[in-house]
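Here are the chains, one letter per residue:
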Amino acid sequence: MDLRESSAAGSAAPSFCGRAANRRKLKLRGDMMFRNRFYFPALAAGLLIVAAAMFSTTGYAKSNPKIMKAMADLKAATEKLGPPKLEGFDPVSGKKAAALYFGKTKMNNDFAIVDAVVKVNGGTATLFAKTGEEYVRVSTNVPEGSGRATGTILDPKGKVIVDINAGKPFYGDVDILGTPYTTGYEPIKDGSGKVIGIWYVGYKK
């Protein structure tokens, strides 16, 4: 065989293989682009749905001017009495509870502030005192039966307590003693930054 023919035949095989490899790469790239055309829009749509769901509860509650004003009024009314603290115990509706003070004023079984806030803003208001691992309603106008829900506790398995124990506020829709509310909860902290209670305001849905 002529050396030139041998050389031409040898070079033809790599050229053919190279074209085949290129075709495979192009096909793979096309498949990936095709999948991405559907994957990324679907992912974006999913994220939008999740974001919308979160905003419909937490976002709406925190942007609700009634919730924000009522919370500001409750905090201002208590804070002007002095710094918060827990000192001793004072039962509420037969439930052992830590005594929550602002300055020298004890909040347990005193409904003047929560009722004043609700008189102006409507809805409901509560002060919780942390007692052990529980948060007890020591001053509230959240109804239970024919009276107030004093002595009841924040749901220990609910979503609110997770944020409160982390020292963060919670705003969103929650079930309170069997009734749905749009709510705001903010941690009450002592001088050391320890969470000792909760400010709450909320409106029935």
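Our subject in this report is the structure included herewith. (Residues numbered from 1 in each chain as written. Predicted model: local features only at pLDDT ≥ 70, side-chain atom pairs only at ≥ 80, totals over all residues. Heavy atoms only, no water.)

**What about the overall build of the protein chain?**
The helix and strand inventory of the protein chain stands at 4 helices and 10 strands. Counting helices and strands in the order they occur from the N terminus, the protein chain gives α-α-β-β-β-α-β-β-β-β-α-β-β-β. Within the protein chain, buried positions represent 37% of all 205 residues. Contacts spanning at least 24 positions in sequence make up 50% of the contacts within the protein chain whose residues lie at least 6 apart. Roughly 12100 Å² of accessible area belongs to the protein chain as shown, and the carbon and sulfur atoms make up 62% of that amount. (Helix = DSSP H or I, 4+ residues; strand = E, 2+ residues; numbered from the N terminus. Buried < 20%, exposed > 50% of the residue type's maximum accessible area, 1.4 Å probe, protein only. Contact = heavy atoms within 4.5 Å. Areas by Shrake-Rupley, 256 points an atom, 1.4 Å probe, with all protein chains shown as cover.)

**Observations concerning the pattern of salt bridges**
Within the structure shown, the criterion is met by 7 salt bridges. The salt bridge involving Glu87 is made with Lys85; its shortest N-O contact spans 3.3 Å. Note on Lys85: relative accessible area 34%, which makes it partly exposed. Among the ionic pairs, Asp90 bridges to Lys106, the shortest N-O distance being 3.1 Å. With a gap of 16 residues between them, Asp90 in the loop between β1 (84–89) and β2 (98–102) and Lys106 in strand β3 (residues 105–106) connect regions that are remote in the sequence. (Salt bridge = Lys/Arg side-chain N within 4 Å of Asp/Glu carboxyl O.)

**Looking at unusual backbone geometry**
In terms of backbone geometry, most residues other than glycine have negative phi values and most peptide bonds are trans. One non-glycine residue, Ser93, lies in positive phi territory at about 50 degrees. Mapped onto the secondary structure, Ser93 falls in the loop between β1 and β2. Residue class for Ser93 comes out exposed when judged on its relative accessible area of 54%. The phi dihedral of Asn109 is positive, around 65 degrees, even though this residue is not glycine. Here Asn109 lies in the loop between β3 and α3 (112–121). Judged by its relative accessible area of 35%, Asn109 is partly exposed.

**Notes on α3**
Among the residues making up α3, those that are buried are Ile113, Val114, Val117, Val118 and Asn121. All buried residues of α3 fall inside an arc of 130 degrees around its axis, so they share one side. Structural note: α3 exposes Ala112, Lys119 and Val120 on the side pointing more than 90 degrees away from its buried face. Where α3 is buried, its residues contact α2 (65–79), β4 (124–131), β5 (134–140) and β10 (195–204). Positive phi appears at Gly122, one or two residues downstream of α3, with a value of about 75 degrees. (Arc of directions from axis to C-beta.)

**Some remarks on the sheet that holds β4**
In space, the 5 strands of this open sheet follow the order β5-β4-β10-β9-β8, with antiparallel pairing throughout. Two strands bound the open sheet, and with one partner strand each, they are β5 and β8 (170–176). Sheet twist, expressed as the average angle between the axes of neighbouring strands with direction ignored, equals 35 degrees. Bridge count between β4 and β5: 6 bridges; the pairing is antiparallel. The residue bridging Leu127 from the neighbouring strand is Ser139, located in β5. Sitting on the sheet, α2 touches β4, β8, β9 (179–189) and β10, and the angle it makes with β10 is about 140 degrees. Docked against the sheet, α3 engages β4, β5 and β10, running at close to 150 degrees with respect to β4. (Pairing = 2+ DSSP bridges. Axes fitted to C-alpha atoms, helices over the stretch in contact; angles between N-to-C directions.)

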